[in-house]
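What follows is the residue order along each chain.
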Amino acid sequence: MSLSQQSNASEKGGRIALPCVTESPLTPKGTCLESVKIAIDAGYRHIDGAFVYYNEHEVGQAIREKIAEGRIKREDIFYCGKLWNTCHPPELVRPTLEKTLKILQLDYVDLYIIELPMAFKPGEAIYPKDENGKFIYHETDLCATWEAMEACKDAGLAKSIGVSNFNRRQLEMILNKPGLKYKPVSNQVECHPYFTQPKLLEFCRQHDIVIVGYSPLGTSRDETWVNVSSPPLLKDPVLNAIGKKYNKTAAQVALRFSIQRGVVVIPKSFNPQRIRENFQIFDFSLTEKEMKEIEALNKNVRYVELLM
Ligand code: A2P
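The structure displayed is predicted, hence computed values, not measured ones. (Residues numbered from 1 in each chain as written. Predicted model: local features only at pLDDT ≥ 70, side-chain atom pairs only at ≥ 80, totals over all residues. Heavy atoms only, no water.)

## Points about the pairing of strand β5 (residues 158-164)
Of all seven residues making up β5, six are buried, and the element is well covered by its neighbours. Bridge count between strand β4 (residues 109-114) and β5: five bridges; the pairing is parallel. Residue pairing in the sheet places Ile113 in a bridge with Gly162 of β5. Taking the sense of rotation as the criterion, the β-α-β connection linking β4, helix α4 (residues 142-154) and β5 turns out right-handed. (Buried < 20%, exposed > 50% of the residue type's maximum accessible area, 1.4 Å probe, protein only. Helix = DSSP H or I, 4+ residues; strand = E, 2+ residues; numbered from the N terminus. Pairing = 2+ DSSP bridges. Right-handed = clockwise from strand over helix to strand, strands pointing away.)

## A look at the site of the ligand
Around the ligand sit 16 residues in total, of which Leu217, Lys268, Ser269, Arg274 and Asn278 are the nearest. In this structure, an oxygen atom belonging to the ligand sits 3.4 Å away from a main-chain N or O atom of Pro216. Within the backbone of Leu217, an N or O atom sits 2.8 Å from an oxygen atom of the ligand. Tallied by class, the residues present in the shell around the ligand amount to six nonpolar, seven polar and three charged. (Near = heavy atom within 4 Å. Polar contact = N/O pair within 3.5 Å; in protein donor to acceptor, adjacent residues only side chain to side chain. Nonpolar A, V, L, I, M, F, W, Y, C, P; charged D, E, K, R; others polar.)

## Looking at the environment of Glu65
Tracing the sequence through the fold places Glu65 in helix α2 (residues 56-69). Assessed through its relative accessible area of 28%, Glu65 is described here as partly exposed. For the pair Glu65 and Lys37, spaced 28 residues apart in the sequence, the C-alpha separation amounts to 8.2 Å. Glu65 has contacts with Leu33 and Lys37, leaving out every residue within four places of it along the chain. (Contact = heavy atoms within 4.5 Å.)

## Considering the UniProt feature "binding site: substrate" (unreviewed entry) in the protein
Mapped onto the present numbering, the UniProt feature "binding site: substrate" (unreviewed entry) falls on His138. Inspection of the secondary structure assignment puts His138 in the loop between β4 and α4. In this structure His138 comes out as partly exposed when scored by relative accessible area, which is 31%. Apart from residues no more than four positions distant in its own chain, His138 is found in contact with Pro89, Ala119, Phe120, Lys121 and Pro122. (UniProt positions renumbered as here; feature names shortened; annotations may be inferred.)

## What to know about the pattern of salt bridges
Considering all chains together, one arrives at 15 salt bridges under this definition. Glu172 is the salt-bridge partner of Arg168, the closest N and O atoms lying 3.0 Å from each other. Taken as a pair, Arg168 and Glu172 lie in helix α5 (residues 168-175) at a separation of four residues, close to a single helical turn. A relative accessible area of 47% means that Arg168 is categorised as partly exposed. Owing to a relative accessible area of 27%, Glu172 belongs among the partly exposed residues under this scheme. (Salt bridge = Lys/Arg side-chain N within 4 Å of Asp/Glu carboxyl O.)

Set out below in structure tokens:
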């Protein structure tokens, strides 16, 4: 069970091709700090972050404050950080992770993942674009990037390493890499009752790769990055009817469905009540028939189309 603390990225400049971070452009100052502290108090231990969410400094502060309070130890927390698209060249991987650790003020991340399989031109712009507004991509060898990720694990900067938004072909490229030292432990992809990813889930199961499902509640439906033509997940009549039976919300049923099929969930909320609500999913279970009913809701439609 985890807490995702995503906000959108901006395009400020900074050192090692990444902007300096003192404030998130979209999360009002302190919101993330408070949310993470509430989440830790509620029992969350897995925190999903990224440099491009621009709030890693607040996440790190929340973790350190809770450690200082004696509420948790560092080893209780599972922090996932992400390597951004502009940092795929192997020589940038370790400095980028070191920058994240400096922002977090932590010695290591529990999981470090390649956020997306495609690379952007390295440089100060997070979303580099040409004069026509088109993204400037960069040719890199994902296998070389992976070797640099392996070196981060060997250096103790990341306890484990994984990927995100990888399809089967891209996973196979890493798995079949000559001299592979560590397999990806996880693949973070969109996954929820309207996008159940049965084939990828099965492939990952066969290779002991954990699927971490982002947008498990159907996203915040922000039109700037979400395809809102797909119906809102939490209004689904089946999820609501099943929820009624257990005195749970559609959100709790959606989360329970995912964890019951072995998918890790990273629901995002900045609302204290909903942060707590999303953790109350361990006191009921769905029957086989209900699981099948929810599986049948699959529409094979992504909310997060990642058009880049
Ligand atoms: P809020 O931050 O106001 O709680 P996802 O995790 O799929 O990306 O979904 C995130 C969106 O779902 C956010 O807009 C969040 O809003 C909302 N959300 C989080 N938890 C719940 C819940 N239990 N019920 C309804 N909406 C929720």
